[in-house]
Amino acid sequence: QQPVQSPQAVILREGEDAVINCSSSKALYSVHWYRQKHGEAPVFLMILLKGGEQKGHEKISASFNEKKQQSSLYLTASQLSYSGTYFCGTEEQGAQKLVFGQGTRLTINP
Amino acid sequence: KAGVTQTPRYLIKTRGQQVTLSCSPISGHRSVSWYQQTPGQGLQFLFEYFSETQRNKGNFPGRFSGRQFSNSRSEMNVSTLELGDSALYLCASSYSGGAYEQYFGPGTRLTVT
């Protein structure tokens, strides 16, 4: 079942903070976050695993509430380069596959 | 290291035809997943292959099929194309699937007329 992302779209000024949420009705093992810029492929941002382990490559942060099956991605002091569509992908225990949310379009203006 | 490559990048086909798309994963990655991306449906999981075996399958009709070779390269095939199959088809490679990060290729833009 597809996770639900909120908000669907957000517009910020450079330097402002953003929070993107991802919620599932299934018990999750991991949550992945990706960013896709227009005309490009999605790029990996972060994985959050059940049990608290977090793996990422960029200076962003995220949380995973295992009890509520919710994850949030935090973008602080946003830069113009943060613009794009953010997808969360959820993996159920043992599923070995990701199911992606509909995406959140983030626009950063100067 | 080299990224994920997909060929062809663009394709125009006619209804009823079939098409084969190719994906070469990052060296050392054994898992390849395929996704269909459309404006209305977002990223939809098609199937995942690991060590030449289909390990997972999404909710797509049997017209969509795939395979993986011993060098981890993967192909997907769509038979009897329909207008609704027009989409960006993305493949993603991963060391082992699941809780490992996925690296996406640039995609193949398929247009069915």
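This section reports on the structure supplied with the text. (Residues numbered from 1 in each chain as written. Chains lettered and ligands numbered in written order. Predicted model: local features only at pLDDT ≥ 70, side-chain atom pairs only at ≥ 80, totals over all residues. Heavy atoms only, no water.)

## So, the sheet that holds strand β3 (residues 18–23) of chain A
All names here are of chain A. Where we set the bar: Strands are treated as partners if at least two bridges between them are detected by DSSP. The way it works is that DSSP assigns letters per residue, a run of H or I at least four long becomes a helix, a run of E at least two long becomes a strand, and they are numbered from the N terminus. Each axis is a line fitted through C-alpha atoms, and for a helix only the stretch in contact is used; angles between axes span 0 to 180 degrees, taken between their N-to-C directions.
Overall, antiparallel pairing links the four strands, which are arranged β1-β3-β8-β7 in an open sheet. Either end of the sheet is taken by a strand with one partner, and the two such strands are β1 (4–6) and β7 (61–65). Geometrically, the sheet is characterised by an average inter-axis angle of 15° between neighbouring strands, direction not taken into account.

## Notes on the interface of chain B and chain A
Condition: In this description, contact between two residues means that some pair of their heavy atoms is separated by no more than 4.5 Å. The term buried area means the drop in 1.4 Å probe accessible area that two parts suffer when joined, counted for both and summed. In the sections that follow, a salt bridge refers to a side-chain nitrogen of Lys or Arg positioned within 4 Å of a carboxyl oxygen of Asp or Glu. In protein, a polar contact requires one atom able to donate a hydrogen and another able to accept it; more generally it is a pair of N or O atoms within 3.5 Å, and residues adjacent in sequence count only if both atoms are side-chain atoms.
Between chain B and chain A, the residue contacts involve 24 residues of the former and 21 residues of the latter. Between chain B and chain A, roughly 1700 Å² of surface is buried when both sides are summed, and carbon and sulfur atoms account for 54% of that area. For the pair chain B and chain A, the interface holds zero salt bridges. For the pair chain B and chain A, the interface holds three residue pairs in polar contact (both at pLDDT 80 or more).

## Side note on the environment of B:L90
Looking at the secondary structure, you find B:L90 in strand β9 (residues 87–94). Sequence separation between B:L90 and B:S79 is 11 residues; the distance between their C-alpha atoms is 18 Å.

## Quick look at the layout of surface pockets
Spelled out, the test is: Think of a 1 Å grid over the protein atoms and nothing else: a 1.4 Å probe that fits but is trapped marks a cavity, an open set flanked by protein within 12 Å on at least five of seven lines marks a pocket, and residues with an atom within 4 Å of a point count as lining. Grid points are joined across faces, edges and corners, and a volume is the space filled by probe spheres set on the points. Residue polarity is assigned by list, with Asp, Glu, Lys and Arg as charged and Ala, Val, Leu, Ile, Met, Phe, Trp, Tyr, Cys and Pro as nonpolar; anything else, Gly included, falls into the polar class.
Approximately 800 Å³ is the volume found for the largest pocket. If you trace the largest pocket, you find 26 residues lining it, with A:Q36, A:H38, A:T85, A:R105 and B:Q37 closest to the centre. Contributions of two or more residues to the lining of the largest pocket are made by β9 (84–92) and β11 (104–109) of chain A together with β4 (31–38) of chain B. Looking at which element gives the most residues to the lining of the largest pocket, the answer is β11(A), with four residues. Grouping the constituent residues of the lining of the largest pocket by class yields six nonpolar, 15 polar and five charged. Put simply, the second largest pocket is a space of about 240 Å³. Taken together, 14 residues make up the lining of the second largest pocket; nearest its centre are A:K97, A:V99, B:Q44, B:F45 and B:N59. Sorting the residues of the lining of the second largest pocket by element identifies β10 (99–100) of chain A together with β5 (42–50) of chain B as the ones contributing at least two each. In terms of residue count, the dominant contributor to the lining of the second largest pocket is β5(B) (three residues). By residue class, the composition of the lining of the second largest pocket is six nonpolar, five polar and three charged.

## Examining the pairing of β5(B)
Two faces, one strand: in a regular strand the side chains alternate between the faces of the sheet. All names here are of chain B. The test is simple: Using a 1.4 Å probe on the protein chains alone, a residue whose accessible area is under 20% of its type maximum counts as buried, one over 50% counts as exposed, and one in between counts as partly exposed.
Counting buried positions over the nine residues of β5 gives eight, a clear majority of the element. The turn linking β4 back onto β5 is made up of three residues. Where β5 meets strand β6 (residues 53–57), four bridges bridge the pair, whose relative direction is antiparallel. The residue of β6 that forms the bridge with Y49 is Q54. Two successive antiparallel strands, β5 and β6, enclose a turn made up of two residues, where S51 displays a positive phi of approximately 50°.

Geometric values such as these leave the question of function open.
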